[in-house]
Amino acid sequence: MCLAVPGRVLSLYEHEGAPVAMVDFGGVRKEVCLQFTPEVTLGEYVIVHVGFAIQRLDEESARRTLEEFARLGLLDEEFGEPPVDTRPPGPRDMS
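Residues numbered from 1 in each chain as written. Predicted model: local features only at pLDDT ≥ 70, side-chain atom pairs only at ≥ 80, totals over all residues. Heavy atoms only, no water.

**A short note on the pattern of salt bridges**
Tallied over the entire structure, the rule returns five salt bridges. Between Arg56 and Glu44 there is a salt bridge; the shortest N-O distance is 3.6 Å. One end of the pair, Arg56, is in strand β5 (residues 52–57); the other, Glu44, is in the loop between β3 (28–33) and β4 (45–49), and 12 residues separate them in sequence. Of the charged contacts, one joins Arg63 and Glu59 as a salt bridge, the two residues approaching to 2.4 Å between their closest N and O atoms. On the criterion of helical spacing, the pair formed by Arg63 and Glu59 is a turn pair, its members being four residues apart in helix α1 (residues 59–72). We classify Arg63 as partly exposed; its relative accessible area is 42%. (Salt bridge = Lys/Arg side-chain N within 4 Å of Asp/Glu carboxyl O. Helix = DSSP H or I, 4+ residues; strand = E, 2+ residues; numbered from the N terminus. Buried < 20%, exposed > 50% of the residue type's maximum accessible area, 1.4 Å probe, protein only.)

**A closer look at the environment of Ile54**
Along the chain, Ile54 turns up in strand β5. In sequence terms Ile54 and Phe36 are 18 residues apart; their C-alpha atoms lie 5.9 Å from each other. Discounting chain neighbours no more than four positions away, the residues touching Ile54 are Thr37, Ile47 and His49. (Contact = heavy atoms within 4.5 Å.)

**Things to note about α1**
Between its terminal C-alpha atoms α1 stretches 20 Å, which fits the 20 Å expected from 14 residues at 1.5 Å a residue. Of all the positions in α1, only Ser61, Ala62, Leu66 and Phe69 are classed as buried. All buried residues of α1 fall inside an arc of 130° around its axis, so they share one side. Pointing more than 90 degrees away from the buried face of α1 are the exposed residues Glu67 and Arg71. (Expected span 1.5 Å × (residues − 1). Arc of directions from axis to C-beta.)

**Quick notes on the pairing of β4**
Taking burial as the measure, the five residues of β4 include four buried ones, the bulk of the element. In this structure, β4 lies alongside β5, joined through five bridges in antiparallel fashion. Its bridge partner lying in β5, Tyr45 is registered against Leu57. Counted along the chain from β4 to the antiparallel partner β5, the turn is two residues long, and its residue Val50 has a positive phi close to 45°. (Pairing = 2+ DSSP bridges.)

**Some words on the pairing of strand β1 (residues 5–15)**
Summarising the sheet, β1 and β4 pair through four bridges and their orientation is antiparallel. Following the sheet pairing, Arg8 is matched in β4 by Tyr45. Where β1 folds back on strand β2 (residues 18–25), the antiparallel hairpin that results is connected by two residues, among which Glu16 adopts a positive phi of roughly 50°.

**A word on the packing of aromatic side chains**
By the definition in use, this model includes one aromatic pair. Residues Phe36 and Phe52 carry aromatic rings whose centres are separated by 5.3 Å and whose planes lie at 40° to one another, so their mutual orientation is tilted. Taken together, the residues span a long stretch of sequence, with Phe36 in the loop between β3 and β4 and Phe52 in strand β5 at a distance of 16 residues. (Phe/Tyr/Trp six-rings, centres within 6.5 Å; stacked < 30°, edge-to-face > 60°.)

These figures come from the coordinates and say nothing about function on their own.
Here it is as structure tokens:
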């Protein structure tokens, strides 16, 4: 599953000419591209989907969403280690 997750902007910088931020998702920190939201400032909350900040979000909404995702175990699913494939080597279905 791939969620759009709120996170808090910890730092702002450029990487290869693109605006980037280090974003905290309730304890998990990831680098996020700000190409779609270049107006974001330090300390603001953004909604991130597949590595891109797609929208700014108020702090209260971000905190409530993060708490609910954590309660449901969705943050572990989104940011945890990928499951280990224990099947023997061979062709894989794409479902």
